[in-house]
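Fold and contact review
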Amino acid sequence: RPITDLTAKRLPNTVPWTEAHSQSLIALKEALCQATDQPLRIADLNLPFNISADASDYAVAGYLGQSDGAGVEHPLAFFSCKLSRISEGLGNRA
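Described below are features of the structure shown in this document. (Residues numbered from 1 in each chain as written. Predicted model: local features only at pLDDT ≥ 70, side-chain atom pairs only at ≥ 80, totals over all residues. Heavy atoms only, no water.)

1. So, the overall build of the chain
Rule in force here: Only DSSP runs of H or I covering at least 4 residues are called helices, and only runs of E covering at least 2 are called strands; the numbering of each starts at the N terminus. Buried means the residue's accessible area, taken with a 1.4 Å probe over protein chains only, is under 20% of the maximum for its type, while exposed means over 50%, and partly exposed covers the values in between. Under the convention used here, a 1.4 Å probe and the Shrake-Rupley method define accessible areas, while residue burial counts only the protein chains that appear.
Helices and strands together make up the secondary structure of the chain, namely three helices and three strands. The order of helices and strands in the chain, counted from the N terminus, is α-α-β-β-β-α. A buried classification covers 14% of the 94 residues belonging to the chain. Split by element, the accessible area of the chain, about 7400 Å² in all, is 59% carbon and sulfur.

Pasting the structure below:
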């Protein structure tokens, strides 16, 4: 979350970079490297797609993949989105 906080409109064009930002960036890079040791592929429209999604209190993320003819999963795309303050509260409705 520290890195996406730097994109807030309330911050100036020059933002302070702290140790928390460095640690967050390192963790993000490690997670992406562990998620796949293969480059992204171009989709084969003749094969089915695999979609995975996850959410926390402040973000949503997902993965689009495709299995080849041998059943090996290959990544096609990753995405993530930080929730706005309004969106954060929507999941708490009874």
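2. Quick word on a nonpolar patch on the surface
Put simply, the rule reads: Two joining distances apply to patches: 9 Å for like charges and 5 Å for nonpolar side chains (Val, Leu, Ile, Met, Phe, Trp, Tyr), and every residue must have over 30% relative accessible area and no salt bridge. Should a side-chain nitrogen of Lys or Arg be within 4 Å of a carboxyl oxygen of Asp or Glu, the pair is scored as a salt bridge.
Together, Trp17, Leu25, Leu28, Leu32, Leu40 and Phe78 make up a nonpolar patch on the protein surface, roughly 550 Å² of accessible area in all. The element best represented in the nonpolar patch is helix α2 (residues 19–35), accounting for three residues. One can find tryptophan 17 in the loop between α1 (2–5) and α2.

3. Here's the deal with the packing of aromatic side chains
Selection criterion: Stacked, tilted and edge-to-face are the three classes assigned to paired rings of Phe, Tyr and Trp, where Trp is represented by its six-membered ring and a pair needs centres within 6.5 Å; plane angles under 30 degrees give stacked, over 60 edge-to-face, the rest tilted.
Using the criterion set out here, one finds one aromatic pair in the structure. Note on tyrosine 63 and phenylalanine 78: the rings are 5.5 Å apart at their centroids and 50° apart in plane angle, and the pair reads as tilted. Residue tyrosine 63 is found in strand β2 (residues 59–67), and its partner phenylalanine 78 is found in strand β3 (residues 73–82); the two are separated by 15 residues along the sequence. We classify phenylalanine 78 as partly exposed; its relative accessible area is 34%.

4. Considerations on the pairing of β2
Where a strand is regular, its side chains alternate between the two sheet faces. As a reminder, the rule being used: Strand pairing follows a simple DSSP-based rule, namely that at least 2 bridges must link the two strands.
As judged from the six bridges shared by strand β1 (residues 50–55) and β2, these two strands associate in the antiparallel manner. Note on β2: the bridge partner recorded for alanine 53 is glycine 62. Taking the residues that link successive antiparallel strands as the turn, the β1-β2 hairpin has three residues. Bridge count for β2 against β3 is nine bridges, and the pairing is antiparallel.

5. Topic: the side chain of histidine 74
The test is simple: Under the rule applied, a polar contact is a pair of N or O atoms within 3.5 Å (in protein, one hydrogen donor and one hydrogen acceptor; residues adjacent in sequence only if both atoms are side-chain atoms). Every residue pair with non-hydrogen atoms within 4.5 Å of one another is taken to be in contact.
Looking at the secondary structure, you find histidine 74 in strand β3. In this structure the side chain of histidine 74 is engaged in a polar contact, spanning 2.8 Å, whose partner is the side chain of aspartate 68. At 3.5 Å, the side chain of histidine 74 and the backbone oxygen of valine 72 are in polar contact. Dropping the residues within four chain positions of it, histidine 74 is found in contact with Gln38, Arg41, Tyr63, Gly65, Gln66 and Asp68.

6. A few points about the sheet that holds β1
Quick reminder of the rule: All axes are obtained by fitting lines to C-alpha atoms, using only the stretch in contact for helices, and the reported angles, taken between N-to-C directions, cover 0 to 180 degrees.
Strand order across the open sheet formed by three strands is β1-β2-β3, with antiparallel pairing between neighbours. Sheet topology places β1 and β3 at the edges, where each strand pairs with a single neighbour. Geometrically, the sheet is characterised by an average inter-axis angle of 15° between neighbouring strands, direction not taken into account.

Remember, this is a structural readout, not a statement about activity or role.
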